[in-house]
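This is what each chain is made of:
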Amino acid sequence: MTPLQKRAWLGLGVGVGMSLAILAVFIARGVTSFDDDLVLRGITYVLCVGGLLVYGVTLRIKRRKPGRSEVLVDERDEKIIKRATMVQLWAVLLSLFIWAIALTEAYWGEKSVPIIFAYLIAISGLIVSIIGQAIGILIGYRRMS
Amino acid sequence: MPKAEISNRIRRLRFDHSEMTQEELANKAGCTRQTIIAIEAGKYVPSLTLAFQIARVFGMNVEDVFQYEG
C-alpha cells in the first residue's frame, strides 16, 4: 500500500469518525440547544478546529524513505491526487448546494436560518472534503493498478 | 479520436537483464514498484520523462521499450 493510499484510508477514518462524533454530540445535547448551551458550542468549535488540524496532519506525505533512495511518491501518485482533488471539489460544491436548497426550503417562511447551521455547514464541508478526496484517491488507485 | 494504446516490453526486458525485479527497476528509474506493476499491466501510461528513465535503465531507446499502437 502506497503512502497516499494509507492517507486515503486515514482520511476516510477521520471523516467517518468526525461524522459520528458530530451526530453523537447533537443527538446527546439536541440541535436546538446550540443557542443556550455553552458546552455544546465549545464542543462544536473544538470539532471544527480539531478536525481541520487532524486533516492538516494527514496531508503530510514523505516522498522518500529517510536515508534511502527508494521513492515513496511518484508521478502516478501525483496524477491520482490531482484527479482526487477534482472529486473533492465537486463533492464540496454539491454539499454546499444541497445545504443551500435544503435550508432555503426548510426556513423559507421564517426568512432566517438558525446560527447553528453556519457551523454545521462548515463541519460538513470539511468532512465532505476529507471523504471526497479519500474516495477519489482510492478510485484512482483502483483504476490505475 | 480513437484511443491510442501504448504497449511495452518491460517484463520481457527485466528477465533479459538478469531477472531484474520490479523493485530494482523502480529504484533505478526513480518511481515506485506499484507504478512499474501498473505500467507492465497496461493500466498506466508513464510520462515521457519516466519512459526515458526506464529505457535508460535497460540501455535502450524509448521506442524499443514502448510501442505506440495508434
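Residues numbered from 1 in each chain as written. Chains lettered and ligands numbered in written order. Predicted model: local features only at pLDDT ≥ 70, side-chain atom pairs only at ≥ 80, totals over all residues.

Notes on the overall build of chain A
Consideration 1: The helix and strand tally for chain A stands at four helices and zero strands.
Consideration 2: Scanning chain A from its N terminus toward the C terminus, one meets helices and strands in the order α-α-α-α.
Consideration 3: Computed over C-alpha atoms, the radius of gyration of chain A comes to 18 Å, more than 25% over the 15 Å expected from 2.2 N^0.38 for 145 residues, which places it beyond the range of a compact globule.
Consideration 4: Here the C-alpha coordinates of chain A stretch approximately 60 × 30 × 15 Å along the principal axes.
Consideration 5: Expressed as a percentage of the 145 residues in chain A, the buried residues total 21%.
Consideration 6: Of the contacts made within chain A by residues no fewer than 6 positions apart, 82% connect residues no fewer than 24 positions apart. (Helix = DSSP H or I, 4+ residues; strand = E, 2+ residues; numbered from the N terminus. Rg over C-alpha atoms; globule rule 2.2 N^0.38 Å. Buried ≥ 20, exposed ≤ 12 C-beta atoms within 10 Å, placed from the backbone. Contact = placed C-beta atoms within 7 Å.)

Some points on the packing of helix H1 (residues 3–29) of chain A against helix H4 (residues 116–143) of chain A
Residue and element names in this part refer to chain A.
Consideration 1: Here H1 crosses H4 at 150°, and the two axes come no closer than 8 Å. If you check the angle between H1 and H4, you find them roughly antiparallel. Of the two elements, H1 crosses H4, and the hand of that crossing is left-handed. Along its contact with H1, which presents Leu 4, Gln 5, Ala 8, Gly 11, Leu 12, Val 14, Gly 15, Met 18, Ser 19 and Ile 22, the element H4 presents Ile 123, Ile 127, Ile 130, Ile 131, Gln 133, Ala 134, Ile 137, Leu 138 and Tyr 141.
Consideration 2: Of the residues in the contact of H1 with H4, the class split is 14 nonpolar, five polar and no charged. (Axes fitted to C-alpha atoms, helices over the stretch in contact; angles between N-to-C directions. Parallel < 35°, antiparallel > 145°, perpendicular 65-115°, else oblique. Left-handed = near helix turned anticlockwise from the far one by under 90°. Nonpolar A, V, L, I, M, F, W, Y, C, P; charged D, E, K, R; others polar.)

Looking at helix H3 (residues 33–40) of chain B
Consideration 1: Among all positions of H3(B), only Gln34(B), Thr35(B), Ile36(B), Ala38(B) and Ile39(B) are buried.
Consideration 2: Taken together, the buried residues of H3(B) touch helix H3 (75–106) of chain A together with strand S1 (5–8), helix H1 (10–16) and helix H2 (22–29) of chain B.
Consideration 3: Positive phi shows up at Gly42(B), right after H3(B), with a value of about 75°.

Considerations on the packing of H2(B) against H3(B)
Residue and element names in this part refer to chain B.
Consideration 1: The interhelical angle for the contact between H2 and H3, taken along N-to-C directions, is 110°, at an axis separation of 8 Å. One finds that H2 runs roughly perpendicular with respect to H3. On H3, the residues touching Gln 22, Glu 23, Leu 25 and Ala 26 of H2 are Arg 33, Thr 35, Ile 36 and Ile 37.
Consideration 2: For the contact of H2 with H3, the per-class residue count stands at four nonpolar, two polar and two charged.

Points about the interface of chain B and chain A
Consideration 1: At the junction of the two partners, chain B supplies eleven residues and chain A supplies ten residues.
Consideration 2: Partitioned by chemical class, the residues of the side of chain B that touches chain A number four nonpolar, six polar and one charged.

Notes on the nonpolar core
Consideration 1: Within the largest apolar cluster, 16 residues are counted, with the highest numbers of intra-cluster contacts made by Ile80(A), Ile127(A), Ile130(A), Ile131(A), Ala134(A) and Ile137(A).
Consideration 2: Among the nonpolar cores identified, the runner-up in size contains 15 residues, and Leu25(B), Cys31(B), Leu50(B) and Val57(B) belong to it. (Core = buried A, V, L, I, M, F, W, Y, C linked by C-beta atoms within 7 Å.)

Considerations on unusual backbone geometry
Consideration 1: Phi at Lys111(A) takes a positive value of approximately 60°, unusual for a residue other than glycine.
Consideration 2: You can see Lys111(A) is positioned in the loop between H3 and H4.
Consideration 3: The class of Lys111(A) is exposed, set by 6 C-beta atoms lying within 10 Å.
Consideration 4: The backbone phi angle of Ser18(B) is positive, close to 55°, even though this residue is not glycine.
Consideration 5: Looking at where Ser18(B) falls in the secondary structure, it is placed in the loop between H1 and H2.

On their own, these measurements won't tell you what the molecule is for.
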